[in-house]
Every structure is written in structure tokens, then in C-alpha cells.
Amino acid sequence: MIFTTTSQNLNQLKNILIQIDDTDLCKKLPILSYSSIGMHIRHILEFYTCLIEARQTKIINYDSRKRNTELENNTDICVFLIDDIIKSINSFNDDEDLTLIADYSKEVNKEETITLKTSLYRELLYNIEHCTHHMAIIKIGLKALEKEISIHEGFGVAPSTIRNNSKCVQ
């Protein structure tokens, strides 16, 4: 199920990317505190890429991920990377132990890292939640563009919310 949900989320993102142009992607929007839709998409894709790379090292550190600003400006590169991420995620056969390293210090010269045991599937679940959160923000940005963009009704909505809303309708 986590593979299906991951693919669905990323394909919904891809559907948005094929409907907007590079100008829309990188436009700084006041409603997003002058960030862009592309910045949020880059952020999502980099987290998934970080997870995929962790399969080799067995260490995941989202803070030290490679930041590729081209993803903020080029819809074609994003679409290509989404396809690559889906292919990689769907090749996960078994859960694997990983070590998560994170630093929650807010001071520039003060490192306060923590190290936790985690797993590939646990981090995949985290990425689903993280993706959904940013998709909700992206949806706000898309509406601010004031263009005809087809947005899936579940775009940026947590599966538990969708299920709960379905119960309320019945």
C-alpha cells in the first residue's frame, strides 16, 4: 500500500507539472511567503532522492541532502525525476534497517545531531506524509496562479482525512 500511495502522490504532482510552465513553477507567490511551487516540489523530490540514496549507505540525513535548484525552474526535469523516483521506490523488495541523522539546532555554528534507528519503510511513510503536507501548500499556490489547472480532489489531503470525510458523507 505504501508503494501505491507513493506512486499516486507523485503522479498527481506530475499531472500538475504537465499543466504548468516553467514560469508558473518558479513564480514567487505572496500567499506562499514568496516561495514558489517549484521550491516545494524540489523539496519533496529531494527527500525521496535522499531516501533512495540511503539504501546504499544505510544512513539517511535529510539535512545534508543535495539541493538542486534546477528542480525549482524546470518542469521537464521534475517530471523525469518523478518517473525515476517511482521506478526506484517500486524496486524496494524488503524493509531495511537505516540510521537517521538529524540536527534540530537553530544556531549556525552549533551542531546538535541526534541519531535514531529507523527503517526504509518507516522513512517511506514519513516521505508520504511530508509529500502530502507540501502538496497541500502547492495547492494553495496553484489556486493563486488563477489558471485553469485540473487538481485531483485528493491532492494534498491525507488518506485518513479522505476516509473520515467519506464516513461523514454517508
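The rules behind each value
Residues numbered from 1 in each chain as written. Predicted model: local features only at pLDDT ≥ 70, side-chain atom pairs only at ≥ 80, totals over all residues. Heavy atoms only, no water. Patch = residues over 30% accessible without salt bridge, like charges linked within 9 Å, V, L, I, M, F, W, Y side chains within 5 Å. Areas by Shrake-Rupley, 256 points an atom, 1.4 Å probe, with all protein chains shown as cover. Salt bridge = Lys/Arg side-chain N within 4 Å of Asp/Glu carboxyl O. Helix = DSSP H or I, 4+ residues; strand = E, 2+ residues; numbered from the N terminus. Phe/Tyr/Trp six-rings, centres within 6.5 Å; stacked < 30°, edge-to-face > 60°. Buried < 20%, exposed > 50% of the residue type's maximum accessible area, 1.4 Å probe, protein only. Disulfide = S-S within 2.5 Å.

(A) Main features of a nonpolar patch on the surface. Taken together, the side chains of Y104, I114 and L116 present a nonpolar region at the surface, about 330 Å² in accessible area. Residue position: Y104 is located in the loop between β2 (97-103) and β3 (113-119).

(B) Layout of the packing of aromatic side chains. Tallied over the full model, the rule gives 4 aromatic pairs. Seen from their ring centres, F3 and Y121 are 5.7 Å apart, and the 85° between their planes marks the pair as edge-to-face. Taken together, the positions of F3 in helix α1 (residues 2-17) and Y121 in helix α5 (residues 120-144) put the pair 118 residues apart, joining distant regions of the chain. Judged by its relative accessible area of 21%, F3 falls in the partly exposed class. Plain terms: the ring middles of F47 and Y126 are 6.3 Å apart, the flat faces sit at 35° to each other, and that makes the pair tilted.

(C) Representation of the state of the cysteines in the model. Within this structure, the stated rule accounts for 0 disulfides. The cysteine C78 is free of any disulfide, with C26 supplying the nearest cysteine sulfur at 11 Å. Cysteine C131 remains unbridged, with the sulfur of C78 as its closest cysteine sulfur at 12 Å. What makes C131 buried here is its relative accessible area of 0%.

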